Amino acid sequence: MAGEKLNLDILQKDVAYSGEGISVKSLEENIHEERSVQNVKVEELKGLRERNVEIQKSLAEEVGKLRKFGDYIDGTATKGGFWAGMKEMLSHLPGLKNIAISQRSIEELLKQQYQISATRVKEAAEYVDTLKQSEQDLYTEIDRINEKIVEMATNESVAADHVLELKALIDRIDAEMQTIEAGSVDARELEGQQDKARAQLAMHSANLQLYSSAEDRYASLKNNTRKLVQTIRNLGQDIGQYTTAASIKLDMASAQIQAIGTAADASVVMLELKKSLDVMTESMNATTQFVSETQVFFRKNLDDLLNDLDTFDETTTKVLDDNIEFSKQIEEERIEKAIAKALKNRAQRGDTPAPTEGD
Amino acid sequence: MALVALHTQHLLEPVSSTYLGMLGRAIRAARLNKTFPERRQLDGTLRALGAQAHHGLYDGVYLDSRSGLPNMASFTRPLADRGVGERALDGYEDQAALDAKRDEAEVFARMAAKRRYFELLQTLTLAPVDEHRVLLRRHEPESSRASFRVELTKLDGSGAYLRVVIDLTQTASVWSHKLVDLDTKGEVASGTEALRGMVYRFASYDAETLFIRLHELEGVHVERVQRGILGPMRFSIPHEGEHVTVLESRTDATEGAWSAACQTQGDSPLMMASFATDVAALDVREEKSNDPLAPLLSDGIRDVERARYVTLRERYPFRVYKDRKFVVTPSLVDGVRQACVAVGCKNLVYPLRG
């Protein structure tokens, strides 16, 4: 009987890939799913960038107001010294212009400003935890991607081994067929077995390519996720540093601001008022500074990162397109590529070289 | 323990929670009426400042080292957190998800605590640092007269938390300098910036001073000015072999009673909370200060000023009455009562329980 010397068990072998089966479509869907996590984080960063602009604007306005108070009280804003400055400053306040009875309390104004400043600093600090949470989420994501990479690499190895076994079988069937009469029953039986082997080779060589491609793309995804983590971590550390400093200064300055407000209302201790405003301005400046610096940070890093991600998108799409195109090409070419890859893998693992055609 | 900034001391946990608990009980025991800042708001703020509310997000509270009350930074903290929390909560995972992850990273444990804290804040009514209100009492369009109640709650520069309530009538003929605006229907009143500024700045002074200042304005008839003041508070809380106290408390008529109680204190915390009222009104029968910590303004007038002061007072037919009640730990009740009697006052002294 034909093939008696051949071991055809390999055709009955149950090849165990881990995870769900793979196809071009399922790979595309899985990568898309993994990317969506990254996209959410990038969107969060974009939102943060916009929020930063708002915070910077409002902080700048508040610092401007404080500086103006300071300059007027200092007497540097007008030629007439303190009293002229105070009068002019009060004249700018809504509702006071033509009222002879009284003026609005400086203490009250300063306290309102203090509350706004405290809220702004807390808003900024709130982002630190949001960023830290995002950072942790992405570490979890990296763990998940790593598991995928290991799974894809293992499956690639399984596919490569099986492709080589099938190729060897096809070659041996070719050799066997040389020894028997063409068109005989035995030859027809051998041809049938070879067709089965070729069909399996086609399927597993496609798997080999897909698992290899998946491994590479998950690795790219991981690299970009790492970049995101780094961006978020650096940003969180910067904001945390500034807001902690600003918060401590505000806590320490509250009694001084209130005392100086009271003193200003009693029209005394004007230089102290200036000094107090400087303390508050300094605190606000620290917050403004962090916003400015994070703006630069965003401009430098986020845009680059987004560009990288866009490039990554293009690369991913191209790989997927190639795969689709590739599947349309002739079977033999794909098989040759798969075999070459499997041989290379085996050689890298230091295994015995697989038998090649003509061995 | 030392001051950390001007008139500022930092009370750390667990002393902070002991202090907040005692202060909250003292305020409840004082049975404050509407002359004083609203008790419910104070309860809310004191609760929000405690570790049971913020779950360790803060290490304590800042106090005014003269009044023994939370200072502006502390009053501002829950107010700012409530606003920030309201906006932040939408972005938080639910409580169960955050609790489940609390051991994964420090940030999740903090966010789990913050979620609870922010949600609690949304349910609390908090004490404002400052709050103005103007209420219309009576409107007589035919005589162009309107009566108002002006209310100001203020965390004062002295560290005290107080409320000023003014009843006044304004006549329309001089509304070029009007203090209160009415809406077009004559139903809703709002104070002008001028009134707001004046009341705000005079809130720290005696009710008598504000009464005269407002009454001097043409077309304004003042019926009553009353102030309700929380503080000063004294406490002594044993902690790790020391007693944590108010660092810049002023010496006053109760000093002896306080010192004596401190000497025999042992391991139990002490508190002496006081709540003062100061009324200048047309319907006060007798001019008197029953406040052992605050004499009448007239008692401090120098001889050279007296004639002018008497002339001024004769122009306005009001009288002044000052009073103060105390809430103290039981061991202080007798001592404080005797100290009040010693300076000619007879005050309510409630024991602080719990």
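These numbers come from a predicted model, not from an experiment.

1. Examining unusual backbone geometry
All names here are of chain B. Proline 14 follows glutamate 13 through a cis peptide bond whose omega is 5°. Positionally, proline 14 belongs in the loop between β2 (8-12) and α1 (15-29). Cis geometry marks the peptide bond from glycine 231 to proline 232; its omega dihedral reads 5°. The topology assignment puts proline 232 in strand β9 (residues 220-239). One non-glycine residue, histidine 7, adopts positive backbone phi at about 50°. Checked against the element boundaries, histidine 7 lands in the loop between β1 (3-5) and β2. A positive phi angle, close to 50°, is found at glutamate 240, a residue other than glycine. Counting through the fold element by element, glutamate 240 comes out in the loop between β9 and β10 (242-245).

2. Comments concerning the environment of serine 298 of chain B
Residues and elements named next belong to chain B. Its place among the elements puts serine 298 in the loop between β12 (288-290) and α10 (303-315). Note on serine 298: relative accessible area 14%, which makes it buried. Between the alpha carbons of serine 298 and arginine 313 there is a distance of 10.0 Å; along the sequence they are 15 residues apart. Not counting residues within four places of it along the chain, the set of residues in contact with serine 298 comprises Arg306 and Tyr309.

3. Structural notes on the packing of α1 of chain B against helix α2 (residues 39-49) of chain B
All names here are of chain B. Interhelical geometry of α1 versus α2 gives an angle of 170° and a closest axis separation of 10 Å. The orientation of α1 relative to α2 falls into the category roughly antiparallel. Between α1, through Leu20, Leu23, Gly24, Ile27 and Arg28, and α2, the contact on the second element is made entirely by Arg39, Leu42, Asp43, Leu46 and Leu49. Its residues placed into classes, the contact of α1 with α2 shows six nonpolar, one polar and three charged.

4. Overview of the interface of chain A and chain B
Listed by partner, the interface residues are 36 residues for chain A and 46 residues for chain B. When the two sides are added together, the surface that chain A and chain B hide from each other amounts to roughly 3500 Å², 57% of it contributed by carbon and sulfur. The interface formed by chain A and chain B holds 14 residue pairs in polar contact (both at pLDDT 80 or more) in total. Every element with two or more residues in the side of chain A that touches chain B is listed here: α3 (106-178) and α4 (185-265) of chain A. Per-element accounting of the side of chain A that touches chain B gives the leading share, 16 residues, to α3 of chain A. Partitioned by chemical class, the residues of the side of chain A that touches chain B number eleven nonpolar, 13 polar and twelve charged.

5. What to know about the nonpolar core
Counting residues in hydrophobic clusters, the biggest one holds 65 residues, and the most contacted among them are Tyr19, Leu230, Phe235, Met271 and Phe275 of chain B. One finds Ala203, Leu210, Val222 and Phe318 of chain B within the second-largest nonpolar core, a separate group that totals 35 residues.

6. Describing the sheet that holds β2 of chain B
Residue and element names in this part refer to chain B. Overall, antiparallel pairing links the three strands, which are arranged β1-β2-β3 in an open sheet. The sheet is open, and its two edges are formed by β1 and β3 (60-64), each paired on a single side. Strand-to-strand twist of the sheet, defined as the mean angle between neighbouring strand axes without regard to direction, takes the value 45°. Inspection of the sheet shows β2 paired to β3 by five bridges, in the antiparallel sense. Each bridged residue has a counterpart across the sheet, and for leucine 12 the counterpart in β3 is glycine 60. α1 rests against β2 and β3 of the sheet, and its axis sits at about 105° to β2.

7. Here we look at the confidence of the model for chain A
Counting all residues, the mean pLDDT for chain A is 72, and 61% of those residues have values of 70 or more. Low pLDDT, under 50, characterises residues 309-313 of chain A; the predicted model gives this stretch ten contacts beyond four residues in sequence or across chains.

How each quantity is defined
Residues numbered from 1 in each chain as written. Chains lettered and ligands numbered in written order. Predicted model: local features only at pLDDT ≥ 70, side-chain atom pairs only at ≥ 80, totals over all residues. Heavy atoms only, no water. Helix = DSSP H or I, 4+ residues; strand = E, 2+ residues; numbered from the N terminus. Buried < 20%, exposed > 50% of the residue type's maximum accessible area, 1.4 Å probe, protein only. Contact = heavy atoms within 4.5 Å. Axes fitted to C-alpha atoms, helices over the stretch in contact; angles between N-to-C directions. Parallel < 35°, antiparallel > 145°, perpendicular 65-115°, else oblique. Nonpolar A, V, L, I, M, F, W, Y, C, P; charged D, E, K, R; others polar. Buried area = accessible area lost by both parts, 1.4 Å probe. Polar contact = N/O pair within 3.5 Å; in protein donor to acceptor, adjacent residues only side chain to side chain. Core = buried A, V, L, I, M, F, W, Y, C linked by side-chain atoms within 4.5 Å. Pairing = 2+ DSSP bridges. pLDDT = per-residue confidence, 0-100.

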